[in-house]
Amino acid sequence: MKIEKYKKLTNGMYQVFFDNYDNVILHEDVILKYELLIKKEIDEKSLENIINENNKYIGIDFAMKYLAKKMRSIKEIDDYLKKNNIDKNTREDIISILKKNNYLNDLEYSKAFINDKIILSNDGPNKIKTKLMELGVDKDIVDESILIFSDELQIEKINKISNKLINVNKTKSSNMLKNKIIDYLYRLGYSKEIINKCIDDISFKDDDNIIKKEYDKIYKKLSKKYSGNELDYKIKQKMYDLGFYNYEDMI
């Protein structure tokens, strides 16, 4: 096949025109590697190899632009290349090249991911580990890198989160607030052992004024429908629902 001419496109790509073959779009690095600017003719087998090599260069370009935004896991790169119609064998070659040149490293990626989560979110280690494994990072790598999130860091973040919740939930009973904080911290991915240790160190105390206010509000509402022992029972039920178990000692 005779190469008739080239047409420069955008992003370092060229359209190559042949005399008796469909036009092919090639990466400039492939053109230079195979000296196509010098050669005037090429056989079909060589062109097939060039096209395969070209797909690899295109895939590397896709991957590098994707990596330029932020670090990625190996699975994220593979999924992205697949989305851009890069075949499996070519994806494997591209990932191998990127790993060899330290553009892909799931251990370093995991450490960076965890550090970002520690700084920018309230997520605990268990939630972060789950997310990393969803991103395709091997469990052994996740287990190794999560050690960055030390018990001391967990305690520091748990105390900060707990104090914030206490400050914005002053009208809740100590029992209800305590359970709410424990549930919230567990859903954030902190370990039960460390949560319990931190919560045990926090002094939860019901505010007498809040208890009196809640009692008066409930009494006013229920006394319109009930009286006597039935009223006392209904009030007790409502106060218990709110977590005020010792309200009778405080009103």
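In what follows, the structure referred to is the one given above.
Residues numbered from 1 in each chain as written. Predicted model: local features only at pLDDT ≥ 70, side-chain atom pairs only at ≥ 80, totals over all residues. Heavy atoms only, no water.

Some details on the sheet that holds strand β2 (residues 13-18)
Argument step 1. With respect to topology, 3 strands assemble into an open sheet ordered β1-β2-β3, the strand pairing being antiparallel. Looking at strand neighbours, the two that pair on one side only are β1 (3-8) and β3 (24-27), the edges of this open sheet. On average, each strand axis in the sheet is tilted by 30 degrees relative to the strand beside it, whichever way the strands run.
Argument step 2. Strand direction decides the pairing type here: β2 and β3, joined by 4 bridges, are antiparallel. The residue bridging Q15 from the neighbouring strand is I25, located in β3. (Pairing = 2+ DSSP bridges. Helix = DSSP H or I, 4+ residues; strand = E, 2+ residues; numbered from the N terminus. Axes fitted to C-alpha atoms, helices over the stretch in contact; angles between N-to-C directions.)

Overview of the packing of helix α2 (residues 44-69) against helix α4 (residues 88-100)
For any two helices packed against each other, the geometry comes down to the angle between their axes and how far apart the axes lie.
Argument step 1. Between α2 and α4, the least distance of the axes is 9 Å, while the angle of their chain directions is 55 degrees. Looking at the two axes, α2 sits oblique to α4. In this structure, α2 crosses over α4, and the sense of that crossing is right-handed. On the side of α2, the interface is formed by N55, K56, G59, I60, A63, M64 and L67, while α4 contributes T90, D93, I94, I97 and L98.
Argument step 2. A class-by-class count of the residues in the contact of α2 with α4 yields 7 nonpolar, 3 polar and 2 charged. (Parallel < 35°, antiparallel > 145°, perpendicular 65-115°, else oblique. Left-handed = near helix turned anticlockwise from the far one by under 90°. Contact = heavy atoms within 4.5 Å. Nonpolar A, V, L, I, M, F, W, Y, C, P; charged D, E, K, R; others polar.)

Section: the packing of aromatic side chains
Argument step 1. Taken as a whole and assessed by the stated rule, the structure comprises 3 aromatic pairs.
Argument step 2. Between Y109 and F113 the ring centres are 6.0 Å apart and the planes differ by 35 degrees, which places this aromatic pair in the tilted class. In this pair, Y109 and F113 are both assigned in helix α5 (residues 106-120), 4 residues apart and thus about one turn of the helix distant.
Argument step 3. Residue classification places F113 among the buried residues on the basis of a relative accessible area of 15%. (Phe/Tyr/Trp six-rings, centres within 6.5 Å; stacked < 30°, edge-to-face > 60°. Buried < 20%, exposed > 50% of the residue type's maximum accessible area, 1.4 Å probe, protein only.)

Topic: the nonpolar core
Argument step 1. Counting residues in each nonpolar core, the largest one holds 24 residues, and the members touching the most others are I128, L132, I158, L185 and Y190.
Argument step 2. If you list the elements that add at least two residues to this core, you get α5, α6 (125-134), α8 (151-168), α9 (174-188) and α10 (192-200).
Argument step 3. When near neighbours in sequence (up to four residues on either side) are disregarded, L185 contacts I158, I161, S162, Y190, I195 and I199.
Argument step 4. F18, L36, I42 and I50 belong to the second-largest nonpolar core, a separate cluster that totals 11 residues. (Core = buried A, V, L, I, M, F, W, Y, C linked by side-chain atoms within 4.5 Å.)

Details of the pattern of salt bridges
Argument step 1. Taken as a whole and judged by the stated rule, the model has 11 salt bridges.
Argument step 2. The partner of K56 in a salt bridge is D93, with the nearest N and O atoms 3.9 Å apart. In this pair, K56 is assigned in helix α2 and D93 in helix α4, connecting sequence segments 37 residues apart.
Argument step 3. Under the relative-accessibility criterion, D93 is labelled partly exposed at 36%.
Argument step 4. Notably, a salt bridge pairs K117 with D123, separated by 3.9 Å at the nearest N-O pair.
Argument step 5. Three or more residues are tied together by salt bridges with common partners; here these are K117, D123 and K127. (Salt bridge = Lys/Arg side-chain N within 4 Å of Asp/Glu carboxyl O.)

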